[in-house]
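Spelled out from the first residue to the last, the chains are:
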Amino acid sequence: VTRVTLLTDFGTADGYAAAMAGVLATAAPGANLDAASHDIPPGDVFAAALALSRYWSLYPEGTIHLVVVDPGVGTARRAVAATADGRHFVAPDNGVLTWVLRAAARVRLVEIDAPELTEHAAATFHGRDLFAPVAARLATGVPLEELGPPVHDPVLLAVPEPERSGSRILAEVIQVDRFGNLITNVPGGWAPDGRVAVEEVDVGLVRGTYADVAAGELVAVVGSLGLLEVSVRDGSAADRLGAGRGARVIVSV
Amino acid sequence: VTRVTLLTDFGTADGYAAAMAGVLATAAPGANLDAASHDIPPGDVFAAALALSRYWSLYPEGTIHLVVVDPGVGTARRAVAATADGRHFVAPDNGVLTWVLRAAARVRLVEIDAPELTEHAAATFHGRDLFAPVAARLATGVPLEELGPPVHDPVLLAVPEPERSGSRILAEVIQVDRFGNLITNVPGGWAPDGRVAVEEVDVGLVRGTYADVAAGELVAVVGSLGLLEVSVRDGSAADRLGAGRGARVIVSV
Amino acid sequence: VTRVTLLTDFGTADGYAAAMAGVLATAAPGANLDAASHDIPPGDVFAAALALSRYWSLYPEGTIHLVVVDPGVGTARRAVAATADGRHFVAPDNGVLTWVLRAAARVRLVEIDAPELTEHAAATFHGRDLFAPVAARLATGVPLEELGPPVHDPVLLAVPEPERSGSRILAEVIQVDRFGNLITNVPGGWAPDGRVAVEEVDVGLVRGTYADVAAGELVAVVGSLGLLEVSVRDGSAADRLGAGRGARVIVSV
């Protein structure tokens, strides 16, 4: 079974996501469609890129990850397809593949050159008229190289990097998840015994698990992406600290 | 593979949507279930009808579109099944098929007559006890005609129509999508060079694509339904204009 | 086709739900994945248990219901797997299976003993690193008994029970659904002709269906779980009465 995952900021209520699924169901009838998410905040390429980083490599080789968070639809932004460590990708060239391209050992990337599709595409909905048909081609066995010429300069997001300054790591919150966990840009291995503060509020030492503090208390742990996270056990660190993406994090090591 | 799509206003958190899926999985084990959406606003038949219009014909022939937005559950409203241009539909007879019945070239419509189901159906949940079992019958090959007698007077929604008045088109916003785009009832072909205003605010000439204006600016384009839409590039026209369904639109041609 | 349903409080936007799906797609490639819901309120085990009660038995025997609403992740809470009336379950031992264990005629329950998984599991994400791999084992035919030793004392939720007091039933609202229906803990059979009040507000006699009152009026009916519910026809009883989980219900019989 070929699986196609869909990641968009369309929501589902308007029928746009189902339109893409319908195109795929027609053009690649044997494919299994998995909605990864349609709930990316509108236009939030960074959030989509981070979400994608959490699952792309867990799917088997041959999976097609279709990503349409595309605030640049209707502009001259390129459309790309890629194969990275055996999984395929179809997406706008806007940085949404940043973590995939960083993490994969083997990457091939092409610009989608499909005038027969773009000529008739609605200016506002390339998900339906360009990206889904191209994903269906991959799902039915069309080789990546037939989709268009190689790309060597994909758009990459400027991901904030932590900096060491003496005994301190100057870092930041790069994402808040649904539970209110503050995901920082500090790799867990950098500061296994560090002391963490968010916007001057002390969070304590890095712990092994939520259970190392009482319910309702702040705790820093290494999360499932391998990055340092700040949480409240059975609560929301984002609410507690009034902190979001970009909040300043200091780890004293 | 027979595909069954589900469109409801149930949300997913209560387990109602999964109950319908479970009934289908049991009665039509080979069917592939695609959640088109469970996020239609509660009872909003118009929104469901418009969402359905965006995807029903993109699925292959033989697909079964199950639609349960059913504020009239427990009243005498009819339940219907239909075949339109090769796709099947199961839904309450409340207008949710309006755009399907308008657009399809070949339509057969029947009233579902299934006393063995309705006698035991929960008064509040025909999705589980009537509509899903009937969809499963279609999925397993039962002919439409065996489901009940023909219907010739389906309920249709009163869709507001634009009016020409001299050099102006008097129209309205019929839907706001997740991006804050204002979808009007003006067919794109009516006013390719028109000048658009929403509630007296000038939006400018109809453009080809979002890229024809700067980020943050209002723009009128022909959207993916073929209707005139008013947007803000990289923003929300609904927020900018404080406008929603029913807002007055004037196109000067 | 083996079906695996997923019920979580992860939302979809962070990519956690897709990570679980990816693990399943890799380890049980033939399985069909149905997202029952990812929208359970964060940490709300009671809501998840009630949602699960609505659909688990409607799926065919052999289905695997994977439930990861797991506020205790990283604590010493057990992980369990079960077979109940032919359906399989993988979940934290936190009460989320309460209604399944109550309702099923035949139950086998084991504690998951998989050190090769738990040793390498992220402390914050057993859904990906423990529960999904175990569900995949069941999906590929591993017998329940091979997953670990029997459990005889599963955690059960303290479900509030209605009490009879003379001619009155003292009860409460146990859940509010998406439509604002107030689901009580009173079995429909207890008071077919009773008169219902919520927090002192009279709702009238138990009716057969919403259609027995006019639009906008309060009505008590027996809902699809077989429990007494209080609704507003074409509206929200929760909004009308300002009532939620725990609100006092009195039925005079």
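Residues numbered from 1 in each chain as written. Chains lettered and ligands numbered in written order. Predicted model: local features only at pLDDT ≥ 70, side-chain atom pairs only at ≥ 80, totals over all residues. Heavy atoms only, no water.

K.L.:
For this particular structure, what's the right way to read the packing of aromatic side chains?
P.N.:
Centre-to-centre distance and the angle between the planes together describe a pair of aromatic rings. This structure, assessed with the given rule, holds 21 aromatic pairs over all chains. Considering the side-chain rings of Trp56 of chain A and Phe89 of chain A, the 5.6 Å spacing of their centres and the 65° angle between planes classify their relative orientation as edge-to-face. Pair noted here: Trp56 of chain A is in the loop between α2 (45–55) and β3 (64–68) and Phe89 of chain A is in strand β5 (residues 87–92), with a separation of 33 residues, a long-range link. Note on accessibility: Trp56 of chain A and Phe89 of chain A belong to one class, buried. Centroid distance Tyr55 of chain C to Tyr59 of chain C: 6.3 Å. Interplanar angle 75°. Geometry classified as edge-to-face. Owing to a relative accessible area of 1%, Tyr59 of chain C belongs among the buried residues under this scheme. Ring pairing ties together the aromatic residues Phe10, Tyr16 and Phe125 of chain A together with Phe179 of chain B, which thus form one cluster. Above the plane of the ring of Trp190 of chain C lies Arg164 of chain C, whose end atom (NZ or CZ) is 4.3 Å from the centre. (Phe/Tyr/Trp six-rings, centres within 6.5 Å; stacked < 30°, edge-to-face > 60°. Helix = DSSP H or I, 4+ residues; strand = E, 2+ residues; numbered from the N terminus. Buried < 20%, exposed > 50% of the residue type's maximum accessible area, 1.4 Å probe, protein only. Lys NZ or Arg CZ within 6 Å of the ring centre and 35° of its normal.)

K.L.:
Explain the pattern of salt bridges here, please?
P.N.:
Here the idea is simple: oppositely charged side chains can pair when their charged atoms come close. All names here are of chain A. Per the stated rule, a full pass over the model turns up 39 salt bridges over all chains. Its salt-bridge partner being Arg248, residue Glu200 comes within 3.3 Å of it at the nearest N-O pair. Of this pair, Glu200 sits in the loop between β10 (195–198) and β11 (201–207) while Arg248 sits in strand β14 (residues 248–252), and the two are 48 residues apart along the sequence. For Glu200, a relative accessible area of 64% translates into the label exposed. Since its relative accessible area comes to 42%, Arg248 is described here as partly exposed. (Salt bridge = Lys/Arg side-chain N within 4 Å of Asp/Glu carboxyl O.)

K.L.:
I keep staring at the interface of chain C and chain A and nothing clicks. Help me out?
P.N.:
Accessible area lost during the coming together of the parts is what is often quoted as the interface size. Contacts between the two partners involve 33 residues from chain C, matched on the other side by 30 residues from chain A. Taking both sides of the interface into account, the surface hidden between chain C and chain A amounts to around 2,400 Å²; carbon and sulfur atoms contribute 52%. Together, Asp14, Tyr16 and Thr124 of chain C form the three largest contributors to the area buried by chain C at its contact with chain A, with a combined 23%. For the pair chain C and chain A, the number of links is zero salt bridges. For the interface between chain C and chain A, the tally reads 11 residue pairs in polar contact (both at pLDDT 80 or more). (Contact = heavy atoms within 4.5 Å. Buried area = accessible area lost by both parts, 1.4 Å probe. Polar contact = N/O pair within 3.5 Å; in protein donor to acceptor, adjacent residues only side chain to side chain.)

K.L.:
For this particular structure, what's the right way to read the sheet that holds strand β3 (residues 64–68) of chain B?
P.N.:
Within a sheet, each strand pairs with its neighbour through backbone hydrogen bonds, oriented either parallel or antiparallel. All names here are of chain B. Strands sit in the order β2-β1-β3-β5-β4-β6 across an open sheet of six strands; the sheet is mixed. Edge positions in the open sheet fall to β2 (32–37) and β6 (107–111), since each of these has one partner strand only. The average angle at which neighbouring strand axes cross in this sheet is 20°, direction not considered. Two elements, strand β1 (residues 3–8) and β3, share five bridges in a ladder whose sense is parallel. Opposite Thr8, over in β3, you have Val68 as the bridge partner. Lying over the sheet, helix α1 (residues 16–27) contacts β1, β2 and β3, oriented at roughly 160° with respect to β1. Where helix α2 (residues 45–55) meets the sheet, it contacts β1, β2, β3 and β5 (87–92), and its direction lies at approximately 155° from that of β1. (Pairing = 2+ DSSP bridges. Axes fitted to C-alpha atoms, helices over the stretch in contact; angles between N-to-C directions.)

K.L.:
Would you mind showing me how to read the interface of chain B and chain C here?
P.N.:
With 33 residues of chain B at the contact, the number on the chain C side is 30 residues. For chain B, the biggest contributors to the area lost against chain C are Asp14, Tyr16 and Thr124 of chain B; these three give 23% of the whole. Where chain B meets chain C, there are zero salt bridges. Counting every contact that joins chain B to chain C gives 12 residue pairs in polar contact (both at pLDDT 80 or more). Those elements that provide at least two residues to the side of chain B that touches chain C are α1 and β2 of chain B. Among the elements that line the side of chain B that touches chain C, the one with the most residues is α1 of chain B, at eight residues. Grouping the amino acids of the side of chain B that touches chain C by side-chain chemistry returns 19 nonpolar, 10 polar and four charged. (Nonpolar A, V, L, I, M, F, W, Y, C, P; charged D, E, K, R; others polar.)

K.L.:
Sorry if this is basic, but what is going on with the side chain of His38 of chain C here?
P.N.:
Residue position: His38 of chain C is located in the loop between β2 (32–37) and α2 (45–55). Only 2.8 Å separates the side chain of His38 of chain C from the side chain of Thr8 of chain C, close enough to count as a polar contact. Residue contacts for His38 of chain C: discarding those within four places in its chain leaves Arg178 of chain A, Thr12 of chain B together with Leu6, Thr8, Asp9, Phe10, Gly11, Thr12 and Ala17 of chain C.

K.L.:
Looking at this structure, I do not really get the pairing of strand β8 (residues 168–176) of chain A. What am I missing?
P.N.:
All names here are of chain A. Strand direction decides the pairing type here: strand β7 (residues 163–165) and β8, joined by three bridges, are antiparallel. Looking at the pairing, Ser165 lines up with Arg168 of β8. Hairpin geometry of β7 and β8 is characterised by an intervening segment of two residues between the two adjacent antiparallel strands and by a positive phi of about 60° at Gly166. Bridge count for β8 against β14 is five bridges, and the pairing is antiparallel. Each residue of the ladder has a partner; that of Arg168, found in β14, is Ser252.

K.L.:
Can you walk me through the packing of helix α1 (residues 16–27) of chain C against helix α5 (residues 126–139) of chain C in this structure?
P.N.:
Describing two packed helices takes the angle between their axes plus the distance from one axis to the other. Residue and element names in this part refer to chain C. Relative to each other, α1 and α5 sit at 35°, their axes nearing to 9 Å. For α1 against α5, the interelement crossing comes out right-handed. Only Gly127, Arg128, Ala132, Pro133, Ala135 and Ala136 of α5 make contact with α1, whose side of the interface consists of Ala19, Met20, Val23, Leu24 and Ala27. Residue composition of the contact of α1 with α5, grouped by class: nine nonpolar, one polar and one charged. (Left-handed = near helix turned anticlockwise from the far one by under 90°.)

K.L.:
How should the environment of Val80 of chain B be read in this particular structure?
P.N.:
Topologically, Val80 of chain B is positioned in strand β4 (residues 79–84). When near neighbours in sequence (up to four residues on either side) are disregarded, Val80 of chain B contacts Phe89, Val90, Ala91, Pro92, Asp93, Leu97, Leu109, Val110, Glu111, Ile112 and Val151 of chain B.

K.L.:
I'm lost on the sheet that holds β5 of chain A in this one. Help?
P.N.:
Residues and elements named next belong to chain A. Reading across the sheet, the six strands line up as β2-β1-β3-β5-β4-β6 and stay open at both edges, with mixed pairing between neighbours. Whereas interior strands pair on both sides, the edge strands pair on one side only; in this sheet they are β2 (32–37) and β6 (107–111). Taking the axes of each pair of neighbouring strands and ignoring which way they run, one obtains an average angle of 20° across the sheet. On top of the sheet, helix α1 (residues 16–27) reaches β1 (3–8), β2 and β3; it is set at about 160° to β1, its chief contact.

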